Amino acid sequence: MRHLFSSCAFGVALALAGCGGGGGGGDVAAPVAPTIPAVPDTITLQKIDNVVGTGALAVAGKTVYVHYTGWLYDATATSKKGAQFDSSAGRSPLDFVLAGGLVIKGFDEGVTGMRVGGKRTVMIPASMGYGATGAGNGAIPPNANLVFDIELVEVR
């Protein structure tokens, strides 16, 4: 899902959820959402090239088309891949303007520098993902580190 990558969409949804709607008097205070403490990142951004592409280079400002699968990071798993939360398999590739703020920062940085035909595993710390908010209606919990397998299909 394209919106799963946009931290802005989740921020707007959360902001709207706190607005309340409704008629009653002004005497009732709106409920305050609990604060989730920030957890220090347990990993750093890692880019592991499994296949180095030979085509066009993914650089800021270009539209890139990628296939991806995303997992929650699991330090105990050999591949570090825990529960899968999304994939473009069986769908059209995800397209976005690289470094345009349309996807999470770690995904943007993970794709940057790839060449068409390349396949890369990217490990993303929570601070470069969805942070203390989480995403996907609970599919990505707060402060979750992430792992993506990414294939660069096209650069325009």
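First things first, this report covers the structure right here in the doc. (Residues numbered from 1 in each chain as written. Predicted model: local features only at pLDDT ≥ 70, side-chain atom pairs only at ≥ 80, totals over all residues. Heavy atoms only, no water.)

Some points on the overall build of the chain
Step number 1: Summing up its helical and strand segments, the chain has 2 helices and 6 strands in all.
Step number 2: Each helix (α) and strand (β) of the chain, taken in turn from the N terminus, gives the series α-β-β-β-β-α-β-β.
Step number 3: Across the 156 residues in the chain, those meeting the buried criterion constitute 35%.
Step number 4: Long-range pairs, those at least 24 residues apart, make up 73% of the contacts in the chain between residues at least 6 apart in sequence.
Step number 5: A total of about 8,500 Å² of accessible surface is found on the chain, and carbon and sulfur atoms cover 58% of it. (Helix = DSSP H or I, 4+ residues; strand = E, 2+ residues; numbered from the N terminus. Buried < 20%, exposed > 50% of the residue type's maximum accessible area, 1.4 Å probe, protein only. Contact = heavy atoms within 4.5 Å. Areas by Shrake-Rupley, 256 points an atom, 1.4 Å probe, with all protein chains shown as cover.)

Some thoughts on the pattern of salt bridges
Step number 1: Tallied over the entire structure, the rule returns 5 salt bridges.
Step number 2: Salt-bridge contacts for Lys81 lead to Asp149; the nearest nitrogen and oxygen are separated by 2.6 Å. Pair noted here: Lys81 is in strand 3 (residues 81–87) and Asp149 is in strand 6 (residues 146–155), with a separation of 68 residues, a long-range link. (Salt bridge = Lys/Arg side-chain N within 4 Å of Asp/Glu carboxyl O.)

Comments concerning the side chain of Asp108
Step number 1: Locating Asp108 in the fold gives a position in helix 2 (residues 105–111).
Step number 2: Those residues in contact with Asp108 that lie beyond four places of it in its chain are Phe96, Val97, Leu98, Ala99, Gly100, Gly101 and Val103.

Quick notes on the nonpolar core
Step number 1: Phe96, Phe107, Val111, Leu146, Phe148 and Ile150 are the most contacted members of the largest nonpolar core, which has 26 residues in total.
Step number 2: Looking at this core, the elements with two or more residues in it are strand 2 (63–73), strand 4 (94–97), helix 2, strand 5 (119–124) and strand 6.
Step number 3: Ranked by residues supplied to this core, first place goes to strand 6 with 5 residues.
Step number 4: For Phe96, the contacting residues outside a window of four places in its chain are Lys62, Thr63, Val64, Val66, Leu102, Val103, Phe107, Asp108 and Val111. (Core = buried A, V, L, I, M, F, W, Y, C linked by side-chain atoms within 4.5 Å.)

Structural notes on the packing of aromatic side chains
Step number 1: By the definition in use, this model includes 5 aromatic pairs.
Step number 2: Each ring, one from Phe85 and one from Phe148, has its centre 5.6 Å from the other, and the planes form 90°; the classification is edge-to-face. Separated by 63 residues along the polypeptide, Phe85 in strand 3 and Phe148 in strand 6 bring together distant segments of the chain. We note that Phe85, like Phe148, is buried.
Step number 3: In textbook terms, an aromatic cluster arises when at least three aromatic residues are bridged by ring pairs, as seen for Tyr68, Phe85, Phe96, Phe107 and Phe148.
Step number 4: In this arrangement the basic side chain of Lys81 is found over the ring face of Trp71, its NZ or CZ atom lying 4.4 Å from the centre. (Phe/Tyr/Trp six-rings, centres within 6.5 Å; stacked < 30°, edge-to-face > 60°. Lys NZ or Arg CZ within 6 Å of the ring centre and 35° of its normal.)

Let's talk about the side chain of Thr121
Step number 1: Mapping Thr121 onto the fold places it in strand 5.
Step number 2: For Thr121, a relative accessible area of 9% corresponds to the buried category.
Step number 3: A distance of 2.9 Å separates the side chain of Thr121 from the side chain of Asn50, its partner in a polar contact.
Step number 4: Here Asp149 takes part through its side chain, which lies 2.7 Å from a polar atom of the side chain of Thr121. (Polar contact = N/O pair within 3.5 Å; in protein donor to acceptor, adjacent residues only side chain to side chain.)

A short note on the pairing of strand 6
Step number 1: Here strand 2 pairs with strand 6 via 9 bridges, running antiparallel. Within strand 6, the position partnered with Thr69 by the bridge is Asp149.
Step number 2: Sheet topology note: the strand 5/strand 6 ladder contains 6 bridges and is antiparallel. When the sheet's bridge partners are listed, Thr121 is paired in strand 6 with Asp149. (Pairing = 2+ DSSP bridges.)

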